[in-house]
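Coordinate inspection notes
Listed below, chain by chain, are the residues.
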Amino acid sequence: MPVNTDLATKTYYRYAWVRDAGHSDFVKKAELCERFFRGMQWDESDLALLKAQRRPALTINKILSTISNVMGDQIYNRSEISFQPRSGAPSGNADVLTKLFKYISQDNQLDWLRSDVFADGIITSRGFYDLRMDFNDNLMGDVRTTRLNPKNVLIDPDATEYDPDTWNDVMTTKWLTADEIAVLYNEDDADYLRNRAGSYFPYGYDSIDYMRDRFGDRNAARSFYTGVVDESSVQRSIRVIERQHRKLDKQRHFYDKATGDLRAIPDNWNRDRIAAVRDMYRLEVVTKLVNRIRWTVTADTVVLHDDWSPYKHFTVVPFFPYLRNAQTVGLVENLLGPQELLNKVSSQELHVINTTANSGWKVKTGSLRNMSIEELEQRGAETGLVMELDDPKSVEKIQPNQVPSGLDRLTYKAEEHIKTISGVSDYQTGNAREDVSAKAVAMNTSRGSFNLAKVTDSLNRTDHILARNILDLVQQYYTDPRVVNVVRDRMTGETETIEVNVPAPTPEAPDAVLNDLTLGEYDVVVTSTPVRETLEDSQFQQALSLRELGIQIPDATLLENSRLLHKSDIIAQMKAAQESPEAVAKRELEKTAAELEVANLKAEAAKIEADAMLKQAKADKENQSTAKAMQGGGDDLEMAKAQFEMQAAREKHQLEMEKLRAELEFTRQQNELKLQQMQREGMIKVAQKQAEAFMKTEAEEPAEEE
């Protein structure tokens, strides 16, 4: 674009006002927190003074270990994003969007990017994503997420909320080369800026440190190399200001009478395309006054870009660990005081010990024979020092001051302050006392995570905003037919192919589209789940315990949660072996054998029951004979005797029947347990043979290569 001093000046002065309204203070705080995190915790003037006095300046960086523990907790607790249909959206599309988001995350390495943004937030109190479309690798466009340096992002000073949708504007500044400007914008502006000798603005590039946050040394004397080689293609020497701000504008929208939804119509759509969409989906076109995003990019007096933003949201997505009344707070800034106390007290303690070892001497003038006063000053603390004297009483060692009582307690208090303020206790760092029970350690460790609950909640909120903006980009730009491959199982490397926006005409619906992502509205669901490696040991032990109790845990589950090398290959081989003809035939034989054994057991049980019924019939017959004999005659004594014997025989028969039933039930249960044990042993033997075969193959491969 041509030189536009008015718009460029307006953008610069807005930038300068935002910078002076609070951003400069944030940059100073962020620089200080990052220096302490890196271990640069002493002022240069203090170091020079201590060095001149020959006093130690220790740096015991407790901030690094404390914050590393918090970072580790974040790394081992990932977030899972899913979508739920709303307002009548197809439920199948929600599953497709969830898988597509997983593909976008893998393509952008979002797990690592999330860790970097989280580190920016807890150290400097602010972290930022940048989300936009990228057309370099795919002409249809890919969602691209990058990390922004928080010192280069200037937030609207009037903003008060977490969500950028409530901000009026946001600005980013960065350094580019002339070649990068030529690629991103146009060659004419790049040539004009390449030939500029200095800045138009009186303050120049005052607000951005030229060598800040780069691999290069900011204090390097660059003037020595000036003119030796042409660095215009690699040297980032042109500052670019990018401003996104909201501005009222009348914009046409598609209006759905059935649901009341409004969808903005892109400015580059012509009348025919709008009419085609309106007729296809039975929509109406209305004009509405809205707050649109205006996107302006300037470099010095040149306006590189000035147009309406193609996106519904700002490209910036923030992460604030703590946001209180528009003030951001991180974890490091409250640890600066305790860390300084620890360094100074430890240095003073070491200084006292040093002065105790070399407290000084009292020497009579001219009494030293084998050295001078200067040599005694240098060597006075040496072990085995020999002094030649005229009179032994002419030299006296000065008694050092005693170590002040309580000095070591200050060091202990400083360390405790760091633990208390950060919320990272000894239990979370693995430094708990050995005499504490494992149950108490686990309880205190889980309880310690509550101290960082707000930070985790803020990170989940950022994940929600990021997923919401990605969803809008997908529904806006992923309108053409696409085929994406999603890793379905990281263990086995299985992938799943998803087709979106594919025409699938039918006689009933000739305009039907398979997995049309532009339809419907969806809710974003964010859940925190521990990463797999942290659960492997506990999951393996639990699965093994359940297997020992008799619960049929699949072998693949045990292997998946084990620490075996190449376990994914073992699982794949197990699946292949289970589907082989030999394995199928073996399972059929085992099934047939088990059925025959069960049939034998049933036949045996039937035989036992038949014998019992035969004995019952004989006993009934004898009882009937006895009863007839008793009815035939005899005195009362003989009749009572017969009745008693009959009752005794009946009770004996009942006891025998109950015994037979108990033996039958015991035999049945024993056979079932035996059958289960045989099946379990068979599965374990199969898994062992497959593992042995795999290990044997691995051992033979190097020999074949040799």
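Right, let's walk through the structure included here. (Residues numbered from 1 in each chain as written. Predicted model: local features only at pLDDT ≥ 70, side-chain atom pairs only at ≥ 80, totals over all residues. Heavy atoms only, no water.)

1. Quick notes on the packing of helix 5 (residues 110-124) against helix 14 (residues 453-477)
Short version of the rule: The axes are straight lines fitted to the C-alpha atoms, using for helices just the contacting stretch, and the angles between their N-to-C directions are given from 0 to 180°. Numbering goes from the N terminus for both helices and strands, where a helix is a DSSP run of H or I of at least four residues and a strand is a run of E of at least two. Reported orientations rely on four angle classes, namely roughly parallel under 35 degrees, roughly antiparallel over 145, roughly perpendicular from 65 to 115, and oblique for the rest. For a crossing to be left-handed, the near helix must be turned anticlockwise from the far one by less than a right angle; the clockwise case is right-handed. Working rule for contacts: check all heavy atoms of both residues, and any pair within 4.5 Å makes them a contact. In this classification, Asp, Glu, Lys and Arg are treated as charged, Ala, Val, Leu, Ile, Met, Phe, Trp, Tyr, Cys and Pro as nonpolar, and every other residue, Gly included, as polar.
Packing of helix 5 against helix 14 brings their axes to within 12 Å, and their N-to-C directions diverge by 130 degrees. Considered as vectors, helix 5 and helix 14 are oriented oblique to each other. In this structure, helix 5 crosses over helix 14, and the sense of that crossing is right-handed. Residues Leu110, Arg114, Phe118 and Ile122 of helix 5 form the contact with helix 14, whose participating residues are Val455, Leu459, Asn460, Asp463 and Leu466. Broken down by class, the residue content of the contact of helix 5 with helix 14 amounts to 6 nonpolar, 1 polar and 2 charged.

2. Some thoughts on the sheet that holds strand 2 (residues 127-134)
Stated formally: Pairing between strands is defined by DSSP: at least two bridges between the two strands are required.
Taken in spatial order, the 3 strands line up as 3-2-10 in an open sheet, and their pairing is antiparallel. Unpaired on one side and paired on the other, strand 3 (142-148) and strand 10 (316-319) mark the two borders of the sheet. Strand-to-strand twist across the sheet, computed as the mean angle between neighbouring axes with direction ignored, equals 25 degrees. As defined by bridge partners, strand 2 adjoins strand 10 across 4 bridges and the pair is classed as antiparallel. Of the residues in strand 10, the one forming a bridge with tyrosine 129 is valine 317.

3. Let's talk about the nonpolar core
This is how the line gets drawn: To qualify as a nonpolar core, a set must consist of buried Ala, Val, Leu, Ile, Met, Phe, Trp, Tyr and Cys residues joined through side-chain atoms within 4.5 Å. Burial here depends on accessible area, computed with a 1.4 Å probe over protein chains only, as a share of the maximum for the residue type. Under 20% is buried, over 50% is exposed, and the range in between is partly exposed.
Formed by 81 residues in total, the largest nonpolar core has its most connected members in Ile67, Ile122, Val143, Val474 and Tyr478. Examining the composition of this core, we find that 10 residues originate from one element, helix 14, more than from any other. Among residues more than four places away in sequence, those in contact with valine 143 are Ile104, Asn108, Leu131, Arg132, Met133, Ile470, Leu473, Val474 and Tyr478.

4. A few points about unusual backbone geometry
Positive phi, normally seen in glycine, also occurs at asparagine 325, with a value near 55 degrees. The residue asparagine 325 is located in the loop between strand 11 (322-324) and strand 12 (327-329) in this model. On the accessibility criterion, asparagine 325 (65% relative accessible area) is exposed. Despite not being glycine, asparagine 501 has its phi angle at roughly 55 degrees, a positive value. Relative to the elements of secondary structure, asparagine 501 occurs in the loop between strand 16 (494-500) and strand 17 (502-503). Asparagine 501 sits in the buried class, given a relative accessible area of 5%.

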